[in-house]
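# Coordinate analysis (summary)
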Amino acid sequence: RATHPSNYVLLAAAHTAVGAALRVAGMNAGGGVVALQGVGSALCAVAAAVWLMFFSAAMAVYETTSLPLRSLPLLDFGAPPPPSGEEGEEAAAAGGSDEGLPLLEVDVLVCGGSISGLSVASLLGRAGVRTLLVERREEPVTDARFLFCNPATMDILSKVLDPDLLEELRVQRAWPQHAPFGTILATGLAHEDGSARCRGSALGPSPASLKADPSRMNAITESRCVGCASSRFVHPTRCMQSHQEQVLKAQAERCASNEVRYGHELLSLAHEGVEEEEQSGTCILALLRPTGGAPETRYRVRCKYVVGADGPASRVAELVGAKYDGFLGLNKSRSIAVVVPGLAARLARTIGFAHQYWLLRKRRGLGLVVPVDPVSDLFNLMPFPVGELFQQSPTRVAEEMTG
């Protein structure tokens, strides 16, 4: 979409590159060509404005939007593509036939054991729907990914999770309520060499002040900062994805009608006509196996519905021919969970509270630091190092960026 944050990045990068080239050409040329320098400077200024649009769009993309449900036609899976490589050898060894493989019957097959898949399985399990969830990974994620849930999301999770698991999800504390919602641009955080300076900020009112004067809020501000009127969660809940997946997995496994299988993968889907006394029509027959398992470990699952919650490289999407709007793989980045003892208290005395900090480290690069739990001084760092730091270990990068 035209408003997707990634498109602003491309626009800003293009304007910056062209503007810089024209400025260099103008400085190195004489006569009338020197006007190129002015044109290049103008383009660089436009690029700066586009970067601001990117930050605005990046914040807006987190807002949830309710889309109307549509009735989709029955998809024609067609014949599966001929296997190649290791899969071809396995099919040949198995004689190419799925007849006689173990058969499991459920109502819903959920492919993908992350936040969406586990939430769907938990809701279906609460309703007594026979559900099988499969996930290629052997266990929930353990690395640093997203780290907070908006009030509206917490409202949904309060319906998904049992009270004790909901409380466990909220163990990681939120940033103080008097902290303004927004961003601080700084040159450092806990650095003792005096390089930590606040260079700018884009801060909104704090949740406490907004609650005192609700007339200052629009719908987006209300959702981000204080929750909707019907929400009992007054601010975003800081919660690492790794922790949230563990909690949701425990909930999905509590439901008697659920079965959760990590370390299993989907191979193929096909329609199957069913003519029995209790039901008739079309069901879906899925072929699965333990991740990377031998041909003899395959098994079949007959179900009424398949949920594809298996991420950008979705096997379900591939099999049904679903396409993504836009593009993937714009860049690569890494996220690091960092514990910096005393940093929360230090920020309160020096730079100030904010919901996130952009760091500009001279000859070191750029970094985004988001507080997760100020009590245990847990922070999430997304670094964009340059120069020699680019090749360094995550520990070295975290030390340089946070101090």
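Residues numbered from 1 in each chain as written. Predicted model: local features only at pLDDT ≥ 70, side-chain atom pairs only at ≥ 80, totals over all residues. Heavy atoms only, no water.

In this section: the overall build of the protein. Within the protein, the secondary structure is distributed over 12 helices and 16 strands. Scored against the burial criterion, the 403 residues of the protein give a buried share of 42%. Sequence separation of at least 24 residues holds for 65% of the intrachain contacts in the protein that already meet a minimum separation of 6. Taken as a whole, the protein presents about 22,100 Å² of accessible surface, with 57% of it coming from carbon and sulfur. (Helix = DSSP H or I, 4+ residues; strand = E, 2+ residues; numbered from the N terminus. Buried < 20%, exposed > 50% of the residue type's maximum accessible area, 1.4 Å probe, protein only. Contact = heavy atoms within 4.5 Å. Areas by Shrake-Rupley, 256 points an atom, 1.4 Å probe, with all protein chains shown as cover.)

Spatially, 4 strands are ordered β8-β3-β2-β12 in an open sheet, and the strand pairing comes out parallel. Because the sheet does not close on itself, it has two edges, and the strands there are β8 (258–262) and β12 (305–308). Strand-to-strand twist in this sheet, taken as the mean axis angle between neighbours without regard to direction, amounts to 15 degrees. Strand direction decides the pairing type here: strand β3 (residues 131–135) and β8, joined by 5 bridges, are parallel. Bridge assignment links Leu132 to a residue of β8, and that residue is Glu259. Packing of helix α4 (residues 115–126) onto the sheet brings it into contact with β2 (108–111), β3, β8 and β12, and relative to β3 it is tilted by some 165 degrees. (Pairing = 2+ DSSP bridges. Axes fitted to C-alpha atoms, helices over the stretch in contact; angles between N-to-C directions.)

The next subject is the confidence of the model for the protein. When pLDDT is averaged across the protein, the result is 74; 61% of the residues are at 70 or more. Scored below 50 in pLDDT, residues 87–95 makes 9 contacts in the model with residues more than four places away or belonging to other chains. (pLDDT = per-residue confidence, 0-100.)

Between α4 and helix α9 (residues 241–254), the least distance of the axes is 9 Å, while the angle of their chain directions is 25 degrees. Put simply, α4 runs roughly parallel to α9. When you trace α4 past α9, the crossing you get is left-handed. Mapping the contact onto sequence places Ile115, Leu118, Ser119, Ala121, Ser122 and Arg126 in α4 and Gln241, Gln244, Glu245, Leu248, Lys249, Gln251 and Ala252 in α9. Considering only residue class, the contact of α4 with α9 consists of 5 nonpolar, 5 polar and 3 charged. (Parallel < 35°, antiparallel > 145°, perpendicular 65-115°, else oblique. Left-handed = near helix turned anticlockwise from the far one by under 90°. Nonpolar A, V, L, I, M, F, W, Y, C, P; charged D, E, K, R; others polar.)

All right, on to the pattern of salt bridges then. This model, assessed by the stated rule, comprises 16 salt bridges. Arg254 is the salt-bridge partner of Asp164, the closest N and O atoms lying 2.6 Å from each other. Of this pair, Asp164 sits in helix α6 (residues 163–169) while Arg254 sits in helix α9, placing them 90 residues apart in sequence. With a shortest N-O distance of 3.2 Å, Arg315 and Glu318 are connected by a salt bridge. With a gap of 3 residues between them, Arg315 and Glu318 both fall in helix α10 (residues 315–320), about one helical turn apart. (Salt bridge = Lys/Arg side-chain N within 4 Å of Asp/Glu carboxyl O.)

Looking now at the packing of aromatic side chains. For the coordinates displayed, the defined rule picks out 1 aromatic pair. Pairing Trp358 with Phe384 gives two aromatic rings, centres 6.5 Å apart and planes at 20 degrees, and the pair type is stacked. Within this pair, whereas Trp358 is found in strand β14 (residues 356–361), its partner Phe384 is found in strand β16 (residues 378–385), the two being separated by 26 residues in sequence. (Phe/Tyr/Trp six-rings, centres within 6.5 Å; stacked < 30°, edge-to-face > 60°.)

So, about the side chain of His243. Among the structural elements, His243 can be located in helix α9. Within the structure, the side chain of His243 is placed 2.8 Å from the backbone oxygen of Glu168, a separation counted as a polar contact. (Polar contact = N/O pair within 3.5 Å; in protein donor to acceptor, adjacent residues only side chain to side chain.)

Okay, α9 next. A rise of 1.5 Å per residue sets the reference length of α9, with its 14 residues, at 20 Å; its end C-alpha atoms lie 20 Å apart and thus fit the reference within 8%. Summarising burial for α9: 10 of the 14 residues are buried, a large majority. Residues of α9 that are buried: Gln241, Ser242, His243, Gln244, Glu245, Val247, Leu248, Lys249, Gln251 and Ala252. Contact partners of the buried residues in α9: α4, β4 (148–149), α5 (151–160), α6 and β8. (Expected span 1.5 Å × (residues − 1).)

Here α4 is 12 residues long and its end C-alpha atoms lie 16 Å apart, about the 16 Å a rise of 1.5 Å per residue gives. Of all the residues in α4, the buried ones are Ile115, Gly117, Leu118, Ser119, Ala121, Ser122 and Gly125. Each element contacted by the buried residues of α4 is listed here: β2, β3, α5, α9 and β8. Gly128, located one to two residues past α4, shows a positive phi value of around 80 degrees.

Let us look at the pairing of β16. Counting buried residues in β16 gives 6 out of 8 residues, a clear majority hidden from the surface. Where strand β13 (residues 336–339) meets β16, 4 bridges bridge the pair, whose relative direction is antiparallel. Bridge assignment links Val338 to a residue of β16, and that residue is Phe379. As paired elements, strand β15 (residues 365–373) and β16 share 8 bridges and run antiparallel to each other. In the sheet register, Val369 faces β16, and the bridge partner there is Leu381. Between β15 and β16, which pair antiparallel one after the other, the connecting turn spans 4 residues, and Asp377 there sits at a positive phi close to 55 degrees.

Time to look at the packing of α4 against α5. Contact geometry for α4 and α5: axes closest at 9 Å, N-to-C directions at 45 degrees. Considering the angle they form, α4 stands oblique to α5. Counted together, Ser119, Ser122, Leu123 and Arg126 of α4 and Leu157, Lys159 and Val160 of α5 form the full contact between these two elements. Broken down by class, the residue content of the contact of α4 with α5 amounts to 3 nonpolar, 2 polar and 2 charged.

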